[in-house]
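In case you want the letters, here they are:
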Amino acid sequence: MSNSDSEEEFCNERTALMSAEASPTTSYVDNMEAQESTGTQTNRHQHSDGIPIPNDATDNGILGTGPEVRDSTVDDDDEELTLKYGAKHVIMLFVPVTLCMMVVVATIKSVSFYTQKNGQLIYTPFTEDTNSVGERLLNSILNTLIMISVIVVMTVILVMLYKYRCYKFINGWLILSSLMLLFLFTYIYLGEVFKTYNVAMDYPTLFFVIWNFGAVGMICIHWKGPLQLQQAYLIMISALMALVFIKYLPEWSAWVILGAISIYDLMAVLCPKGPLRMLVETAQERNEPIFPALIYSSAMVWIVGMAKLDPEREPLQKPINADEEMEENDDANPGDSDTHDPVPENSDRGSNQEVHIHTTSEIRHSVEQVVEERGIKLGLGDFIFYSVLVGKAAATASGDWNTTLACFVAILIGLCLTLLLLAVFKKALPALPISITFGLIFYFSTDNLVRPFMDTLAAHQLYI
């Protein structure tokens, strides 16, 4: 296989895995190569959210107005591919969200430390230890306003830092946050779990375990590592943060904050000047991935991309191609071999081989690993507030499993509807509003209607 063939294969593999955010390029292959690559290159255009979209939409922006006339079989393949990837990405998001909520609920049900109220966050200074319903509601609203204001200010600061390319400051900020979560919060969590299950462990062993856990997590999140290990660490970080909110947020304030954060998420993503929308648009304009410590990605592809050779070095390859063509002509026409001048072994052919080795070594040195994130991306804040809702339901609903399971199912239904809207609108959408709304409705309806009804049936020993 020649060097040009290998470069063409790299290009074909790279363009087959690229998302549709990049402008579609014109194919310069001949008809035979186009027919051979039809099976592998058809309908690979994908949106940045991971949902496949038809080629007509990526090429012209309007469905059904493409210059090419596609038959019914290609349309059937498009529909099958869309359904396949849609279901695949739904499952790939259901699994981590379910695991995060299961970790939180299992901890709430087993470790009493996270259900004991012995303090509040600095962001919720107003207490709810009062008998007056009006005063308690007012304090919860004030706590919500302070909490949402802090979230808005910190988000705006992050967007401004990213806009003015203060990457080092952002990376330092995220690294410090990850250090605190992976070391301090893990130490507190393991200590309470060992106390609950009466597990004896000396401090050197505990520090050794926490050090290895935190160091590997920092490497996987902020540098390189296996995708599944990185996803596991992101899920664990979200669960630890959710447990902190569940412990230190007052009961009424937690429910009001969940409703307010879903409204804020809706405005921040969909409004033209919303901070999260500006962050996503700026990252797309710069063709840069958003920081992995903030985003959970359902899939990741490692691609080997080749850098282009300098125009000054391109003529060095021409003698190689001419030499190869001369050898092919000699093999094809053995009778005409006498017409060519003999080439000494240590002269031109040797220099051509040296040039060939030199250029290939330069190409290999110029090969860089490019990380392309595909699939649907979900912010860690969505994991945290999903888990806060389910954890609060498990902690405050008199330990009723019906309410907990109802909130769990409601969040998954809302997430499924969000992914359905994502496939329809093909743009970034907030993941909190629908799921949190369903979760709140299911929580209060189940806690106030279904649970008393089930308790009455159990008291009278009636089974449906």
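Residues numbered from 1 in each chain as written. Predicted model: local features only at pLDDT ≥ 70, side-chain atom pairs only at ≥ 80, totals over all residues. Heavy atoms only, no water.

(A) Summary view of the overall build of the protein chain. Each helix and strand in the protein chain was counted, giving 16 helices and 2 strands. Buried residues in the protein chain amount to 36% of all 464 residues. Summarising the internal contacts of the protein chain: among those between residues at least 6 apart in sequence, 77% fall at separations of at least 24. About 27,100 Å² of surface is accessible on the protein chain, with carbon and sulfur atoms providing 62% of the total. (Helix = DSSP H or I, 4+ residues; strand = E, 2+ residues; numbered from the N terminus. Buried < 20%, exposed > 50% of the residue type's maximum accessible area, 1.4 Å probe, protein only. Contact = heavy atoms within 4.5 Å. Areas by Shrake-Rupley, 256 points an atom, 1.4 Å probe, with all protein chains shown as cover.)

(B) Spatial organisation of the packing of helix α15 (residues 401-425) against helix α16 (residues 432-459). At their nearest, the axes of α15 and α16 sit 8 Å apart, and the two run at 155 degrees to each other. What the angle tells us is that α15 and α16 run roughly antiparallel. Pair α15 / α16 crosses with right-handed handedness. Side by side, α15 and α16 meet where Asn402, Thr403, Ala406, Cys407, Ala410, Ile411, Ile413, Gly414, Leu415, Leu417, Thr418 and Leu421 of the first sit next to Ile434, Ser435, Phe438, Gly439, Phe442, Tyr443, Thr446, Asp447, Arg451 and Met454 of the second. (Axes fitted to C-alpha atoms, helices over the stretch in contact; angles between N-to-C directions. Parallel < 35°, antiparallel > 145°, perpendicular 65-115°, else oblique. Left-handed = near helix turned anticlockwise from the far one by under 90°.)

(C) Quick look at the pattern of salt bridges. Under the counting rule described, the total for this entry stands at 7 salt bridges. Glu288 is the partner of Arg165 in a salt bridge, and the nearest nitrogen-oxygen pair spans 4.0 Å. Of this pair, Arg165 sits in the loop between α6 (133-163) and α7 (167-196) while Glu288 sits in the loop between α11 (275-285) and β1 (295-305), placing them 123 residues apart in sequence. With relative accessibility at 26%, the residue Glu288 sits in the partly exposed group. A salt bridge links Glu192 to Lys195; the shortest N-O distance between them is 4.0 Å. Pair noted here: Glu192 and Lys195 are both in helix α7, with a separation of 3 residues, about one helical turn. Under the relative-accessibility criterion, Glu192 is labelled buried at 16%. Counted as one network, the salt bridges with shared partners bring together Glu128, Arg136 and Glu251. (Salt bridge = Lys/Arg side-chain N within 4 Å of Asp/Glu carboxyl O.)

(D) Quick look at the packing of helix α14 (residues 380-396) against α15. Where α14 meets α15, the axes come as close as 8 Å, and the angle between the chain directions of the two elements is 160 degrees. It follows from the interaxial angle that α14 and α15 lie roughly antiparallel. Classified by chirality, the crossing of α15 by α14 is right-handed. Residues Tyr386, Leu389, Val390, Ala393 and Ala394 of α14 form the contact with α15, whose own contacting residues are Thr403, Thr404, Cys407, Phe408, Ile411 and Leu415.

(E) Structural context of unusual backbone geometry. One non-glycine residue, Arg165, lies in the positive phi region at around 60 degrees. Even without a glycine there, the phi angle at Asn198 is positive, about 55 degrees.

(F) Broad picture of helix α10 (residues 251-270). Compared with an ideal rise of 1.5 Å per residue, which puts 20 residues at 28 Å, α10 spans 29 Å between its outermost C-alpha atoms and is within 8% of the ideal. Looking only at α10, the buried set comprises Ser253, Ala254, Trp255, Ile257, Leu258, Gly259, Ile261, Ser262, Tyr264, Asp265, Ala268 and Val269. Taken together, the buried residues of α10 touch α6, α11, α14 and α16. (Expected span 1.5 Å × (residues − 1).)

(G) The arrangement of a nonpolar patch on the surface in detail. A cluster of nonpolar side chains, Val409, Ile413, Leu417, Leu420, Leu421, Val424, Phe425, Ile441 and Phe442, forms an exposed patch at the surface whose accessible area comes to about 770 Å². Among the elements of the structure, α15 and α16 are those that each provide at least two residues to the nonpolar patch. For the nonpolar patch, the element with the most residues is α15, which contributes 7 residues. Mapped onto the elements of the fold, Ile413 is located in helix α15. (Patch = residues over 30% accessible without salt bridge, like charges linked within 9 Å, V, L, I, M, F, W, Y side chains within 5 Å.)

(H) Structural context of the packing of aromatic side chains. Enumeration over the complete set of coordinates arrives at 13 aromatic pairs. Judged by centre distance (5.8 Å) and plane angle (80 degrees), the ring pair of Tyr162 and Phe291 falls under edge-to-face. Of this pair, Tyr162 sits in helix α6 while Phe291 sits in the loop between α11 and β1; the two residues are 129 residues apart in sequence, bridging distant segments of the chain. An identical accessibility class is assigned to Tyr162 and Phe291; each is buried. Arranged with centres 5.8 Å apart and planes meeting at 40 degrees, the rings of Tyr203 and Phe207 form a pair that is tilted. One end of the pair is Tyr203 and the other is Phe207, both in helix α8 (residues 203-222) and 4 residues apart, which spans about a single turn. The exposure class assigned to Tyr203 is exposed, which follows from its relative accessible area of 51%. One aromatic cluster is present, built from ring pairs that chain together Phe113, Tyr114 and Tyr189. The ring of Trp401 is capped by Lys109, whose NZ or CZ atom sits 4.8 Å from the centre of that ring. (Phe/Tyr/Trp six-rings, centres within 6.5 Å; stacked < 30°, edge-to-face > 60°. Lys NZ or Arg CZ within 6 Å of the ring centre and 35° of its normal.)

(I) Layout of the confidence of the model for the protein chain. Considering every residue of the protein chain, the mean pLDDT works out to 74; 64% of them sit at 70 or more. Per-element mean pLDDT across the protein chain ranges from 38 in helix α4 (residues 55-60) up to 94 in α8. Across residues 1-70, confidence stays below pLDDT 50; counting only partners more than four residues off in sequence or on other chains, it has 88 contacts. A low-confidence stretch, residues 301-373 stays under pLDDT 50, and its non-local contacts, those more than four residues away or across chains, total 64 contacts. (pLDDT = per-residue confidence, 0-100.)

(J) How the structure looks around the nonpolar core. Counting 78 residues, the largest nonpolar core has Val97, Tyr386 and Leu389 as its most contacted members. The biggest single contributor to this core is helix α9 (residues 227-248), with 11 residues. Dropping the residues within four chain positions of it, Val97 is found in contact with Leu378, Phe383, Tyr386, Leu412 and Leu415. (Core = buried A, V, L, I, M, F, W, Y, C linked by side-chain atoms within 4.5 Å.)

(K) Expanded view of the environment of Lys247. Within the secondary structure, Lys247 is located in helix α9. Not counting residues within four places of it along the chain, the set of residues in contact with Lys247 comprises Phe113, Tyr114, Gln116, Lys117, Asn118 and Gly119. A polar contact is formed between the side chain of Lys247 and the backbone oxygen of Phe113, at a distance of 2.8 Å. (Polar contact = N/O pair within 3.5 Å; in protein donor to acceptor, adjacent residues only side chain to side chain.)

(L) How the structure looks around the environment of Glu128. Looking at where Glu128 falls in the secondary structure, it is placed in the loop between α5 (72-110) and α6. Look at Glu128 and you get buried, because its relative accessible area is 6%. For the pair formed by Glu128 and Leu138, sequence separation is 10 residues and the distance between their alpha carbons is 9.3 Å. Excluding residues within four positions of it along the chain, Glu128 makes contact with Gln120, Arg136, Ser140, Pro250, Glu251, Trp252 and Ser253. A distance of 3.2 Å separates a polar atom in the side chain of Glu128 from the backbone nitrogen of Trp252.

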